[in-house]
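Per-entry structural report
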Amino acid sequence: MKNMESLINHIKTQGFIFQGSEIYGGLANSWDYGPLGSELKQKVKELWWNYFIRHNHLNVGLDSSILMNTQVWKNSGHLGNFSDPLIDCKKCKSRFRADKLIEDKFPEVNAGKMSNSDIEDYINKNKIVCPKCGGLDYTTIRNFELMFKTNQGVLQDESSVVYLRPETAQGIFINFKNVQRSTRKKIPFGIGQIGKSFRNEITPGNFIFRTREFEQMELEFFFDPKDKTNWFEYWIKEVDFFLSEVLGISKNNYFKREHSKEELAHYSAATTDFEYNFLFGRGELWGVAHRGNFDLTAHQSGSGQDLTYLDPTTNEKIVPHVIEPSVGLERLILAILTESYCEEEVENGTRVVLKLPKKIAPYQIAVLPLQKQQNQAATEIYNDLLKNYDVIYDETGNIGKRYRRQDAIGTPICITYDFDSENDKCVTVRNRDTMEQKRVLISELEDFIKKDLI
Ligand code: GAP
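Residues numbered from 1 in each chain as written. Predicted model: local features only at pLDDT ≥ 70, side-chain atom pairs only at ≥ 80, totals over all residues. Heavy atoms only, no water.

Per an unreviewed UniProt entry, the protein carries the name Glycine--tRNA ligase and comes from Spiroplasma alleghenense. According to the UniProt record, the Sequence similarities (unreviewed entry) comment for the protein reads "Belongs to the class-II aminoacyl-tRNA synthetase family." (UniProt positions renumbered as here; feature names shortened; annotations may be inferred.)

What to know about the UniProt feature "domain: Aminoacyl-transfer RNA synthetases class-II family profile" (unreviewed entry) in the protein
Per the UniProt record, "domain: Aminoacyl-transfer RNA synthetases class-II family profile" (unreviewed entry) is found at residues 145-362. The span residues 145-362 is 23% helical and 36% strand by assignment, and the distance between its end C-alpha atoms comes to 38 Å. (Helix = DSSP H or I, 4+ residues; strand = E, 2+ residues; numbered from the N terminus.)

A short note on the UniProt feature "binding site: substrate" (unreviewed entry) in the protein
Mapped onto this numbering, the UniProt entry gives "binding site: substrate" (unreviewed entry) at Arg 97, Glu 167, Phe 214, Glu 215, Gln 216, Met 217, Glu 218, Glu 324, Pro 325, Ser 326, Val 327 and Gly 328. Judged by maximum C-alpha separation, these annotated positions cover 232 residues in sequence and are scattered in space, the widest gap reaching 27.3 Å. Looking at the secondary structure, you find Glu 218 in strand E10 (residues 213-223). If we skip the residues at most four places from it in the chain, Glu 218 touches Trp 48, Glu 167, Thr 168, Ala 169, Ile 172, Ile 191, Gly 192, Gln 193, Glu 324, Pro 325 and Ser 326. Within the element layout of this structure, Ser 326 appears in strand E16 (residues 321-328). In this structure Ser 326 comes out as buried when scored by relative accessible area, which is 14%. When near neighbours in sequence (up to four residues on either side) are disregarded, Ser 326 contacts Gln 216, Met 217, Glu 218, Trp 286 and Gly 287. (Contact = heavy atoms within 4.5 Å. Buried < 20%, exposed > 50% of the residue type's maximum accessible area, 1.4 Å probe, protein only.)

Section: the site of the ligand
Taken together, 19 residues surround the ligand, and among them Glu 167, Arg 199, Glu 201, Glu 218 and Glu 284 come closest. In this structure, Phe 209 approaches the ligand through a main-chain N or O atom, which is 3.5 Å from a nitrogen atom. At 3.0 Å from an oxygen atom of the ligand is found a side-chain nitrogen or oxygen belonging to Gln 216. Relative to its free-state accessible area of 560 Å², the ligand is covered by the protein chains to the extent of 90%. Classifying every residue of the shell around the ligand gives five nonpolar, five polar and nine charged. (Near = heavy atom within 4 Å. Polar contact = N/O pair within 3.5 Å; in protein donor to acceptor, adjacent residues only side chain to side chain. Areas by Shrake-Rupley, 256 points an atom, 1.4 Å probe, with all protein chains shown as cover. Nonpolar A, V, L, I, M, F, W, Y, C, P; charged D, E, K, R; others polar.)

A few points about the packing of helix H1 (residues 4-13) against helix H11 (residues 329-340)
If you want to describe how two helices pack, look at the angle between their axes and the distance between the axes. Running from N to C, H1 and H11 point in directions that differ by 105 degrees, and their axes come no closer than 11 Å. For the element pair H1 / H11, the angle class is roughly perpendicular. Counted together, Met 4, Leu 7 and Ile 11 of H1 and Leu 334, Leu 337 and Thr 338 of H11 form the full contact between these two elements. Grouping the amino acids of the contact of H1 with H11 by side-chain chemistry returns five nonpolar, one polar and no charged. (Axes fitted to C-alpha atoms, helices over the stretch in contact; angles between N-to-C directions. Parallel < 35°, antiparallel > 145°, perpendicular 65-115°, else oblique.)

Thoughts on the pattern of salt bridges
Counting across every chain of the model gives 36 salt bridges. Across the pair Glu 316 and Lys 226 runs a salt bridge whose closest N-O atoms are separated by 3.3 Å. A residue pair is termed long-range when its members are at least 10 positions apart, and Glu 316 in the loop between strand E14 (309-310) and strand E15 (317-318) and Lys 226 in the loop between E10 and helix H9 (231-246) qualify at 90 residues. Take Glu 316: its relative accessible area is 34%, and that puts it in the partly exposed class. (Salt bridge = Lys/Arg side-chain N within 4 Å of Asp/Glu carboxyl O.)

What follows is the structure, encoded as structure tokens:
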């Protein structure tokens, strides 16, 4: 049955994702991506980069550092604001996110926006007991800093404190002027980047959905607020198109949700989240936030540097406004895997198949000699295809099992070199999704594949 357990089990056993630090008993909530998983990640990043940066005339790319001057976090509002309310059960010593305690019991309540004392009152009034021991005796709430803290250099004191970035966005804002100057881009234009972010999440979980180390793909799009184009709607449409048309995610499985006024983050004038129907329930996948000019203004006053943009036609200096589409790579991977995972009843049992979009399948083609005698001829085909495609060669086990193996990792095309191939110069080409088989001339194989992989 398709559920979170069967999906995770499949992904782990097929070698997409392993438990992090497994031989030492693991490190909670850390995941290592195996050969298939790292290939899938790489391809999704490539698709994002091509769509939002390389093939979009409005945008350029950036790769900023993870460690930044602590002033960045002070002025962005993260130091002091980027924390979760923690509460301990005095009886069993379990620790919880206090707002989550409320929301788990009363999903209609937005406790994220309540003050700490309001949360404490709500918990006591509504008798929200400890989920572990059933007690109703909590400590007062403490704010728990979500940024990972470390020291740079040999000194281990306050002066050497640095933080691992909790979002890639700030690296973009502090480089706005560098990028604008060096590229001579005129607004509207965007700067995008892909990179690791770190948050010491109190309640990580749901496999790779919420982790402490993750990768973000973020675009900060700068524009003049007087511009008549509705850039917020524009980027919402772009994200929608990318999800449905580029990644093939069914529109029935994701939804747009506008944040209410109370829910908006401190920097945001409006936010629309794309939520996906994960197998554990609906969850945020991709946020599109209208950040106004909050960040550039904050860094301008914090750094004392001029971060305004000089409009060459009006000679007017403005602090551009920003639209930010931001997505976590691993969440997108989880959505793609959820979407692709199928259990199908076939003649001789159940076949598990990953119907991954062809452009992101770890392998596009598998070459399978029917028997050992055909190894040499099949290897020649494999080596030829390897020049232009991602190909795997598999000669072990019976052909039925080998097809199933390729179905399980999402390989769209299997090519079998068999007894007749030497005489008719044809191979059997099998389609992953329909399981249809066709004889194709080896001399026409590349043309056939090219069309099939589009
Ligand atoms: N720069 C804006 C920003 O970081 P966010 O809503 O906190 O906004 C953006 O994060 C996206 O990053 C989310 O929509 C989600 O896809 C991903 N994300 C955030 N926290 C995550 C976590 N702990 N694990 C995995 N992905 C996460």
